[in-house]
Amino acid sequence: MFNWNDLIFFLELARQGRLMPAARRLKVDHTTVSRRISELEKDLSLKLFDRKPDGFVLTEPGHRLFAVAERIEQEAVGVEETLQAAPSAPRGHVRVASMEGIGAFYLAERFAELAEKEPGLVVELVTERHLINLTKREADISISFVPPQGQRLAVRRIGAFRLALYAAPDYVRRFGMPRTRAELPSHTFVDYVEDLVAIQPVHWLLDVLEPLKVSFRSTSMHAQQNAVARGAGIGLLPLFSAKSNPRLIPILTDEVVVMRDIYVSVHEDLEFMGRFRAVLQHLAEVVQRDAAYLTEF
């Protein structure tokens, strides 16, 4: 009989593909992961992984075991909830991944609302420039501007937000206010670092123009907004962040309309479990409630 606990190591290595990332997720040494996988293969008399130069790849028996192990994991995670005599308030940790801008300027306050409503829930907000891999369980829920790809993901569009051109009074005083879209190429802009854009739809200034003059670039939307507010140039910023800064003046609001969808994603195994369902429902409700705030001046 094999050791059931070895399935935890098997699942993590299958998701990460390499010993070191799997070990970090499990908070053990990489040699422990390697040893537990070897023991599992010995106990089952099966080769579960092909060892490749760039990592571990599931064999055919490994793929079959992965499907079974995921079902076992799902049942184990739901044991406490299943055995409760009556539904209780959701509790536990939920890791949510998003882009830095919407995470800092919008989601953080909305999750503070959730903490007041559901004190047993702890949301861990992870901000990255790239899309977090839910299939590898790098997070439980993802909020993104493009629908992520992955096996067994439940993806739902929950709303949208608008972006607009903004400048600071100091910039307008020195260089004038553009009155038409045709005047924009002569102005100076704040933009992303082009070769470090991880998700192309986030390089939203390209929806308006490819600027000829750029005074400052950053991978951080927060940094871009601060630079625009200081007078470095014109920037294309989401309304949910720019509205909070009184030093920003909207420009050409009737001519320049840029929209982005908001998608929420979760692995199918987690979608209907109490604490994850509570976070998903809260996200859908607040985005719907804030529709005007997100899209109108």
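Let me sum up the structure you'll find in this document. The model shown is predicted, which means the values in this text are computed figures rather than measured ones.

1. Focus on the overall build of the chain
Right, so step 1: Within the chain one finds 11 helices and 11 strands.
Right, so step 2: Along the first, second and third principal axes, the C-alpha atoms of the chain reach 75 × 50 × 25 Å.
Right, so step 3: A fraction of 76% describes how many contacts in the chain between residues 6 or more apart in sequence connect residues 24 or more apart.
Right, so step 4: Summed over all atoms, the accessible surface of the chain reaches about 15,100 Å², with 52% contributed by carbon and sulfur.
Right, so step 5: Taken as two groups, the 37 positive and 39 negative side-chain charges of the chain have centres that lie 3 Å from each other.

2. Observations concerning helix 10 (residues 274–289)
Right, so step 1: Across its 16 residues, helix 10 extends 22 Å between first and last C-alpha, which sits within 8% of the 22 Å expected from 1.5 Å per residue.
Right, so step 2: If you check which residues of helix 10 are buried, you get Gly274, Phe276, Ala278, Val279, Leu280, His282, Leu283, Ala284, Val286 and Val287.

3. As for the layout of surface pockets
Right, so step 1: Quantified by volume, the largest pocket comes out at close to 800 Å³.
Right, so step 2: Elements supplying a minimum of two residues to the lining of the largest pocket: helix 1 (6–16), helix 2 (19–26), helix 4 (60–77), strand 3 (92–98) and helix 10.
Right, so step 3: A total of seven residues in the lining of the largest pocket trace back to one element, the largest contributor, which is helix 4.
Right, so step 4: Of the residues belonging to the lining of the largest pocket, the class tally is 13 nonpolar, two polar and 13 charged.

4. Considering the nonpolar core
Right, so step 1: In terms of nonpolar packing, the biggest core is built from 54 residues, with Ile141, Leu165, Trp204, Leu236, Val279 and Leu283 touching the most fellow members.
Right, so step 2: Listed by contribution, the elements that provide at least two residues to this core are strand 3, helix 6 (100–117), strand 5 (141–144), strand 6 (153–167), helix 7 (169–175), strand 11 (258–267) and helix 10.
Right, so step 3: Among the elements that make up this core, the one with the highest residue count is helix 10 (eight residues).
Right, so step 4: Contacts of Leu283, omitting those with residues within four sequence positions, involve Leu107, Phe111, Ile141, Ile143, Ile158 and Val264.
Right, so step 5: Val33, Ile37, Phe49 and Leu58 belong to the second largest nonpolar core, which has 19 residues in total.

5. Focus: the pattern of salt bridges
Right, so step 1: A full pass over the atoms with the stated rule returns 23 salt bridges.
Right, so step 2: Here Arg152 and Glu70 are joined by a salt bridge, their closest N and O atoms 2.9 Å apart. In this pair, Arg152 sits in the loop between strand 5 and strand 6 while Glu70 sits in helix 4, placing the two residues 82 residues apart along the sequence.
Right, so step 3: Taking the relative accessible area as the measure of exposure, Arg152 reaches 37% and is therefore partly exposed.
Right, so step 4: Residue classification places Glu70 among the buried residues on the basis of a relative accessible area of 6%.
Right, so step 5: Taking the shortest distance from any N to any O, the salt bridge between Asp170 and Arg173 comes out at 3.0 Å. Here Arg173 and Asp170 lie together in helix 7, a separation of three residues that amounts to about one turn.
Right, so step 6: Residue classification places Asp170 among the partly exposed positions, given a relative accessible area of 24%.
Right, so step 7: Three or more residues joined by partner-sharing salt bridges are found here, namely Arg15, Glu70, Glu73, Arg152, Glu268 and Asp269.

6. Topic: the side chain of Ser265
Right, so step 1: Within the element layout of this structure, Ser265 appears in strand 11.
Right, so step 2: In this structure, Ser265 is in contact with Leu134, Asp140, Ile141, Ser142, Pro148, Ala154 and Val155, ignoring residues within four places of it in sequence.

7. Here's the deal with the environment of Ser34
Right, so step 1: The topology assignment puts Ser34 in helix 3 (residues 30–44).
Right, so step 2: Relative accessible area serves as the criterion here: at 30%, Ser34 is assigned to the partly exposed category.
Right, so step 3: Sequence spacing of Ser34 and Val68 is 34 residues, and the spatial spacing of their C-alpha atoms is 21 Å.

About the criteria used
Residues numbered from 1 in each chain as written. Predicted model: local features only at pLDDT ≥ 70, side-chain atom pairs only at ≥ 80, totals over all residues. Heavy atoms only, no water. Helix = DSSP H or I, 4+ residues; strand = E, 2+ residues; numbered from the N terminus. Contact = heavy atoms within 4.5 Å. Areas by Shrake-Rupley, 256 points an atom, 1.4 Å probe, with all protein chains shown as cover. Lys, Arg positive; Asp, Glu negative; His and termini not counted. Charge placed at Lys NZ, Arg CZ, Asp CG, Glu CD. Expected span 1.5 Å × (residues − 1). Buried < 20%, exposed > 50% of the residue type's maximum accessible area, 1.4 Å probe, protein only. 1 Å grid on protein atoms, 1.4 Å probe; cavity = no way out; pocket = protein on both sides within 12 Å on 5 of 7 lines; lining within 4 Å. Points joined across faces, edges and corners; volume = space filled by probe spheres on them. Nonpolar A, V, L, I, M, F, W, Y, C, P; charged D, E, K, R; others polar. Core = buried A, V, L, I, M, F, W, Y, C linked by side-chain atoms within 4.5 Å. Salt bridge = Lys/Arg side-chain N within 4 Å of Asp/Glu carboxyl O.

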